[in-house]
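# Structural description and commentary
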Amino acid sequence: MISSSNATPFLCIPKGHTLMLDGDHLRQLTSLQVGRGLIRVAFTTCQPNGEATDPITLGFLKTGDPLSLELLRHAWLHLEALEPTSLLRSGSPSEDADTVGLSEWTAALLRIQHLSDSEQRLRALIQLLVYRLGNRCGEWYELPVRLKHERLAELVNHTRVTVTRHMARWRQAGLIEDGPDGSPWLRFAPHLIESP
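Residues numbered from 1 in each chain as written. Predicted model: local features only at pLDDT ≥ 70, side-chain atom pairs only at ≥ 80, totals over all residues. Heavy atoms only, no water.

### Some remarks on the side chain of Ser 118
Residue placement: Ser 118 occurs in helix 3 (residues 118-133). Within the structure, Ser 118 has its side chain in polar contact with the side chain of His 166 (distance 2.9 Å). If sequence neighbours within four positions are ignored, Ser 118 has contacts with His 158, Thr 162 and His 166. (Helix = DSSP H or I, 4+ residues; strand = E, 2+ residues; numbered from the N terminus. Polar contact = N/O pair within 3.5 Å; in protein donor to acceptor, adjacent residues only side chain to side chain. Contact = heavy atoms within 4.5 Å.)

### A short note on the sheet that holds strand 8 (residues 140-143)
Here four strands make up an open sheet; going across it, the order is 7-8-10-9 and the pairing antiparallel. Only two strands of the sheet have a single neighbouring strand rather than two, namely strand 7 (135-137) and strand 9 (176-178). Neighbour to neighbour, the strand axes of the sheet diverge by 35 degrees on average, direction disregarded. Direction of pairing for strand 7 relative to strand 8: antiparallel, over a ladder of three bridges. Residue pairing across strands places Cys 137 opposite Trp 140, the latter belonging to strand 8. Contacts from helix 3 reach strand 7, strand 8 and strand 10 (186-188) within the one sheet, and its direction differs from that of strand 8 by about 80 degrees. Here helix 5 (residues 160-172) sits on the sheet in contact with strand 9 and strand 10, set at roughly 85 degrees to strand 9. (Pairing = 2+ DSSP bridges. Axes fitted to C-alpha atoms, helices over the stretch in contact; angles between N-to-C directions.)

### Observations concerning the nonpolar core
Core analysis: the largest hydrophobic core is formed by 51 residues, its most contacted members being Val 41, Leu 67, Leu 79, Leu 129 and Phe 188. With eight residues, helix 3 is the largest single contributor of residues to this core. Discounting residues that sit within four places of it in the chain, Val 41 has contacts with Ile 56, Thr 57, Leu 58, Gly 59, Leu 61, Leu 67, Leu 77, His 78, Leu 79 and Leu 102. (Core = buried A, V, L, I, M, F, W, Y, C linked by side-chain atoms within 4.5 Å. Buried < 20%, exposed > 50% of the residue type's maximum accessible area, 1.4 Å probe, protein only.)

### Remarks on unusual backbone geometry
Its identity is not glycine, yet Asn 157 carries a phi of approximately 60 degrees, on the positive side. Here Asn 157 shows up in the loop between helix 4 (149-156) and helix 5. For Asn 157, a relative accessible area of 51% puts it in the exposed group.

Given below as C-alpha cells:
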C-alpha cells in the first residue's frame, strides 16, 4: 500500500468536477488509490449506434481506498470529486482491511436495488453511506457529503420524486437535519440508521 502522506499525486480533481478516463488511459494503469478526498466512481459504455449510456454509479471511495481498473477497460470511467481529491498510482490493490474496494460497493448497491420497497431501498442506501463514509457525532450520525435527490434515485433505482417524498417525510419527523452553519453535512437520527 502506498502511504498517502508522502506520495506524489498522479491526478488531482477539484470538488464538483468529474474526470473521465477512456480505454487508452485505463490500459496504461492497473490501479489507483485515493490519496486524499472522496470520489464517486461511475462508468458509461457506448451503444451499438455510438451513443454513450448515462453514467452508472459503481460506488464511492475515500482516502486510502483502492481503485482497481481491470474490469473497466472497455468503458469510460467517471471520477466525480465530492471533496477535493488526489489519486495516486498504485502497483496493486491495497490489502489493508480498512479499505473498501469498488467491488464491495457495487455488490452492496445491487443488494439495495433488489429490496422490494422504495423506503427500504433509500434507508438501506443512507445506512450504507453513513457506515462507509460518515461517523457518529453525539446523538446524530453525520454524512460529510450531500447527494442530490437525482443521484440517490439512481442509486436505489427509483424516481427522484419518490426519493424527495421519503426525504421530506423523514425531515418532517426530525430524522434528518442539515449540519451546523450551512455545512455540506447531513445529520441522521440513530433511529433511521440503526433500525433495519
